[in-house]
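# Geometric and topological summary
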Amino acid sequence: VTGVTASNKVYDGATTATLNVGSAALTGVVTGDTVSLSTAGVTGAFANKTIGTGQTVTVSGLTISGADSGNYSLTQPTTTANITAATLTVTGVTAGNKVYDGATPATLSTGSAALRGVASGDTVTLSTASAAGACADKAVATAKTVTVSGLTIAGADSGNYSLTQPTTTANITAATLTVTGITAGN
């Protein structure tokens with residue numbers, strides 16, 4: 001069988017492949033013989049679930065019929081496709097409000113940090129040990145964007161994922177100034 005291709009996919013923890021069989025055709029049929037190809041029950045499976053380029057996809061379920069089909073055996077084809085890393089996001093990270101101090105660092109709270117998008121059964125953990133927050137600028141404002149960096153993932157299946165660092169918001173309030181050196185005359 002020629003003309004069978006598999007679609008690339010984003011990692012989902014499974015080996016299932018989507019096949020394109022619109023151009024599937026038989027080769028090797030003797031001229032004058034009646035043999036037709038059925039793609040009704042076709043399925044595809046990657047060799048493994050992990051990310052990679054040019055992964056082998058095994059095709060099964062193709063059948064032949066027709067008056068002369070008994071004279072032939074059908075070899076199921078293989079094809080290739082890519083599995084790309086799935087993107088994980090992080091929820092539950094917050095930044096504390098602060099009084100203006102002329103700097104952009106923000107204090108983060110990561111106690112409720114959690115990963116979103118991990119496929120069922122996969123082992124992926126989130127490390128917040130190196131988490132850092134930075135306000136967009138040092139100026140006083142309400143709901144100022146705080147960019148988070150330093151979050152990392154680990155675990156047996158972490159190589160199949162990419163991690164998107166989250167953002168959160170915090171307020172920077174005005175610092176209070178006091179005046180010294182003013183005296184009143186008697």
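For the structure, see preceding data.
We now turn to the structure provided with this report.

The rules behind the values
Residues numbered from 1 in each chain as written. Predicted model: local features only at pLDDT ≥ 70, side-chain atom pairs only at ≥ 80, totals over all residues. Heavy atoms only, no water. Helix = DSSP H or I, 4+ residues; strand = E, 2+ residues; numbered from the N terminus. Rg over C-alpha atoms; globule rule 2.2 N^0.38 Å. Buried < 20%, exposed > 50% of the residue type's maximum accessible area, 1.4 Å probe, protein only. Areas by Shrake-Rupley, 256 points an atom, 1.4 Å probe, with all protein chains shown as cover. Patch = residues over 30% accessible without salt bridge, like charges linked within 9 Å, V, L, I, M, F, W, Y side chains within 5 Å. Salt bridge = Lys/Arg side-chain N within 4 Å of Asp/Glu carboxyl O. Pairing = 2+ DSSP bridges.

## Topic: the overall build of the protein
- What the protein contains, in helices and strands, is zero helices and 21 strands.
- Here the C-alpha atoms of the protein give a radius of gyration of 30 Å, more than 25% beyond the 16 Å that 2.2 N^0.38 yields for 186 residues.
- Overall size of the protein, expressed as C-alpha extent along the three principal axes, is 125 × 30 × 20 Å.
- Considering the protein as a whole, with its 186 residues, one finds that 24% of them fall into the buried category.
- Surface exposure of the protein reaches about 10,500 Å², of which carbon and sulfur atoms provide 50%.

## Regarding a nonpolar patch on the surface
- A contiguous nonpolar surface patch, about 250 Å² in accessible area, is contributed by V99, Y100 and V140.
- With respect to the secondary-structure elements, V99 resides in strand β12 (residues 98-99).
- Judged by relative accessible area, which is 48%, V99 ranks as partly exposed.

## Some words on the sheet that holds strand β13 (residues 105-106)
- An order of β12-β21-β18-β17-β13 is seen for the five strands of this open sheet, with the pairing classed as mixed. Because the sheet does not close on itself, it has two edges, and the strands there are β12 and β13.
- Relative to strand β18 (residues 141-149), strand β17 (residues 132-135) runs antiparallel, the two sharing four bridges. The residue of β18 that forms the bridge with C135 is V146.

## With respect to the pattern of salt bridges
- By the definition in use, this model includes five salt bridges.
- A salt bridge links D12 to K9; the shortest N-O distance between them is 2.9 Å.
- Given a relative accessible area of 13%, K9 falls into the buried group.
- Salt-bridge contacts for K49 lead to D122; the nearest nitrogen and oxygen are separated by 2.9 Å.

## Quick notes on the pairing of strand β21 (residues 167-173)
- Of the two faces of β21, only the one carrying T168, A170 and I172 is buried; T167, T169, N171 and T173 on the other face are not.
- In this sheet, β21 lies alongside β12 in parallel orientation, the contact comprising two bridges. Paired with V99 across the strands is T173, a residue of β21.
- Both β18 and β21 contribute to a ladder of five bridges, which runs antiparallel. Paired with A141 across the two strands is I172, which belongs to β21.

## Some details on the sheet that holds strand β2 (residues 9-10)
- What the five strands build is an open sheet, ordered β2-β9-β7-β6-β3; its pairing is mixed. The outermost strands of the open sheet, each flanked by one partner alone, are β2 and β3 (16-17).
- Where β3 lies against strand β6 (residues 43-46), two bridges are found, and the strand directions are antiparallel. Within β6, the position partnered with T16 by the bridge is A45.

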